[in-house]
Amino acid sequence: MSVTAQTVWNNCLEFIKDNIQPQAYKTWFEPIQAVKLTDNALSIQVPSKFFYEWLEEHYVKILKVSLTKELGEKAKLVYIIKMENTYGNKQPFTEKIPSANRSAMKSQEVDVPLNNKSPELRNPFVIPGIRNVKIESQLNPNYSFENFLEGDSNRLARSAGLAVASKPGGTSFNPLLIFGGVGLGKTHLAHAIGVDIKDKYPEKTVLYISAEKFTQQYIDSVKKNNRNDFIHFYQIIDVLIIDDVQFLSGKTGTQDVFFHIFNHLHQNGKQVILTSDKAPVDMQDIEQRLLSRFKWGLSAELQTPDFETRVSILKNKLYRDGVDMPDDIIEYVAKNIKSNVRELEGAIISLIAQSSFNKKEITIDLARVIVEKFVKNTKREVSIDYIQKVVSDYFQMDIDTLQSKTRKRHIVQARQLAMFFAKKFTKASLASIGSQIGKRDHATVLHACKTVDNLSSTDKQFKKYVEDITKKLSV
Ligand code: ADP
Ligand code: MG
């Protein structure tokens, strides 16, 4: 009986399967194909360089043991890395390669002696989140449903989240998009869904990632020329949670890759959960085809919690922290901080800290001082909207005029000032400033900033505008 690559590999697989976790076997061994056997060298085809490095890093021992059993002490393993030119393909790795087409297929052979402990090719695609065999979910266990108090403001989103958690990928809430203002619990709820799924379905691969990190990983993968590894990685996830997708606005490359990943996951019945600070209709600079995907499932809004909910959020937090606080003080804080749960919690934490550092009793007076500071402090965080409002008020025009396409000098100057201050006082990119101030591009914003700089050193009147507005924005 002739020994073929296939039979050798099948025997190896049998041994490997018995010795590692089923999920790991599925992820890392099923996609491999035995390609050829010459003398003592078995060639296997792996879908990517990343795959090869992963195998070398985590499974080199078991590969060696199994292959030595089959081929003796001189056994060698050759990896053939199939570079993919396309993606979005459902089963990109299982297609047969007719040998005649081999040259058309970009492939790269890596000859790895099995006793090579540190392969020269290191994993260039460091994915935060992959450790050991399992993909770490990056979930915060404190952000649970239990700790996410229910109120009118979040009932729909919360129950949709619970439904998704009990049947990930199996409800019509796919994707589930949670949207709402800053500090209203989007991140918390997104984690809670993931935590609950992990609890109910430990074998599912859940991944939480911010859109910002996702973008960064994507950019890195393009730089390092392993975009396909990036895509492949995201395509094997069962439940993908992407936080703050508004961050993708204007980033067409990342949107494009996300579109393909999304489609793949969706087609395969995987669950996608997204959060955003805006409803899909209000998202700017997100491609239409992506927006339409966002609308496939359910968009659930988190609104500002009412007074009762704010009180129960505070009580729950104090209870968990083991702190006692008189009801009237809790109510005072809840009454005065309305728009943001994060600030609400922040105020209560400062209150506890103040009283324990200074050994002061927690009184209404102390609460008043802290709430005031808190409310003032958070006002400092200026938004582009706020800047536009201040600037247009200053010049006594409305925001529409400020944003209009007119070339009237005083309006152009007002708009340029708004752009200048947006650059100075926010972290927004030039592109995003431009898109928010009358849909201009980044070059226009850059030009505006330079013009303001120039004019304020040459034109006294203009300098005064800058100073006046700076003052208004700083109080
Ligand atoms: P967002 O992502 O919308 O900006 P977060 O999810 O970070 O907001 O929430 C801010 C803080 O408020 C977190 O500490 C979160 O635990 C808390 N929080 C928000 N909503 C609730 C809620 N319904 N119950 C308990 N805590 C909440
Ligand atoms: Mg958040």
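Under the annotation held in an unreviewed UniProt entry, the protein carries the name Chromosomal replication initiator protein DnaA and is attributed to Mariniflexile fucanivorans. Per its UniProt entry, the protein bears the Subunit (unreviewed entry) comment "Oligomerizes as a right-handed, spiral filament on DNA at oriC." A UniProt comment under Subcellular location (unreviewed entry) is attached to the protein, and it reads "Cytoplasm".

Asker: Would you take a moment to explain helix α15 (residues 384-394) for this structure?
Answerer: Side chains three or four residues apart in an α-helix point the same way, a direct result of the helix having 3.6 residues per turn. Considered for burial, the residues of α15 that qualify are Ile384, Ile387, Gln388, Val390, Val391 and Ser392. Turning to α15, the residues buried within the fold contact α16 (399-403), α17 (409-425), α18 (430-436) and α20 (460-474).

Asker: Sorry, what's going on with the sheet that holds strand β9 (residues 298-302) here?
Answerer: Within a sheet, adjacent strands bond to each other through the backbone by hydrogen bonds, running parallel or antiparallel. Strand order in the open sheet formed by 5 strands is β6-β7-β8-β5-β9, and the pairing between neighbours is parallel. Sheet topology places β6 (206-210) and β9 at the edges, where each strand pairs with a single neighbour. Recorded for the sheet is a direction-independent mean angle of 15 degrees between the axes of neighbouring strands. Contacts from helix α6 (residues 186-200) reach β5 (176-180), β6, β7 (239-243), β8 (271-276) and β9 within the one sheet, and its direction differs from that of β5 by about 150 degrees. Against the sheet, helix α7 (residues 211-223) contacts β6 and β7, and its axis sits at roughly 90 degrees relative to β6.

Asker: What's the story with the UniProt feature "binding site: ATP" (unreviewed entry) in the protein in this structure? I'm lost.
Answerer: Feature annotation in UniProt assigns "binding site: ATP" (unreviewed entry) to the following positions: Gly183, Gly185, Lys186 and Thr187. Note that Gly183 resides in the loop between β5 and α6. The exposure class assigned to Gly183 is buried, which follows from its relative accessible area of 9%. Ignoring sequence-local partners within four residues, the contact set of Gly183 consists of Asn340, Val341 and Arg342. Take Lys186: it is sitting in helix α6. Taking the relative accessible area as the measure of exposure, Lys186 reaches 8% and is therefore buried. In this structure Lys186 touches Ile178, Phe179, Gly180, Gly181, Asp244, Thr275, Ser276, Asp277 and Leu302, once residues within four positions along its chain are discounted. A distance of 3.0 Å separates the side chain of Lys186 from the backbone oxygen of Gly180, its partner in a polar contact.

Asker: Help me understand the packing of aromatic side chains in this model?
Answerer: Working definition: an aromatic ring pair is given by the centre-to-centre distance plus the angle between the planes. Per the counting criterion, the structure on display carries 17 aromatic pairs. When the ring of Phe214 is compared with that of Phe258, the centres are 5.9 Å apart and the planes differ by 85 degrees; the resulting orientation is edge-to-face. With Phe214 in helix α7 and Phe258 in helix α9 (residues 252-267), this pair connects stretches of sequence that are 44 residues apart. Residue Phe214 is classed as buried on the basis of its relative accessible area, which comes to 1%. The class of Phe258 is buried, set by a relative accessible area of 1%. Where Phe395 meets Tyr465, the ring centres are 5.0 Å apart and the plane angle is 85 degrees; that geometry is what we call edge-to-face. Placement of Phe395 in the loop between α15 and α16 and of Tyr465 in helix α20 is noted, with a sequence separation of 70 residues between them. A network of ring pairs unites the aromatic residues Phe214, Tyr218, Phe230, Phe233, Tyr234, Phe258, Phe262, Phe294 and Trp296 as a single cluster. For Lys251, the ring lying beneath its charged end belongs to Phe247, and the centroid distance is 4.0 Å. Lying over the aromatic face of Phe259, Arg289 brings its terminal NZ or CZ to 4.0 Å of the ring centre.

What counts, and at which threshold
Residues numbered from 1 in each chain as written. Chains lettered and ligands numbered in written order. Predicted model: local features only at pLDDT ≥ 70, side-chain atom pairs only at ≥ 80, totals over all residues. Heavy atoms only, no water. UniProt positions renumbered as here; feature names shortened; annotations may be inferred. Buried < 20%, exposed > 50% of the residue type's maximum accessible area, 1.4 Å probe, protein only. Helix = DSSP H or I, 4+ residues; strand = E, 2+ residues; numbered from the N terminus. Contact = heavy atoms within 4.5 Å. Pairing = 2+ DSSP bridges. Axes fitted to C-alpha atoms, helices over the stretch in contact; angles between N-to-C directions. Polar contact = N/O pair within 3.5 Å; in protein donor to acceptor, adjacent residues only side chain to side chain. Phe/Tyr/Trp six-rings, centres within 6.5 Å; stacked < 30°, edge-to-face > 60°. Lys NZ or Arg CZ within 6 Å of the ring centre and 35° of its normal.

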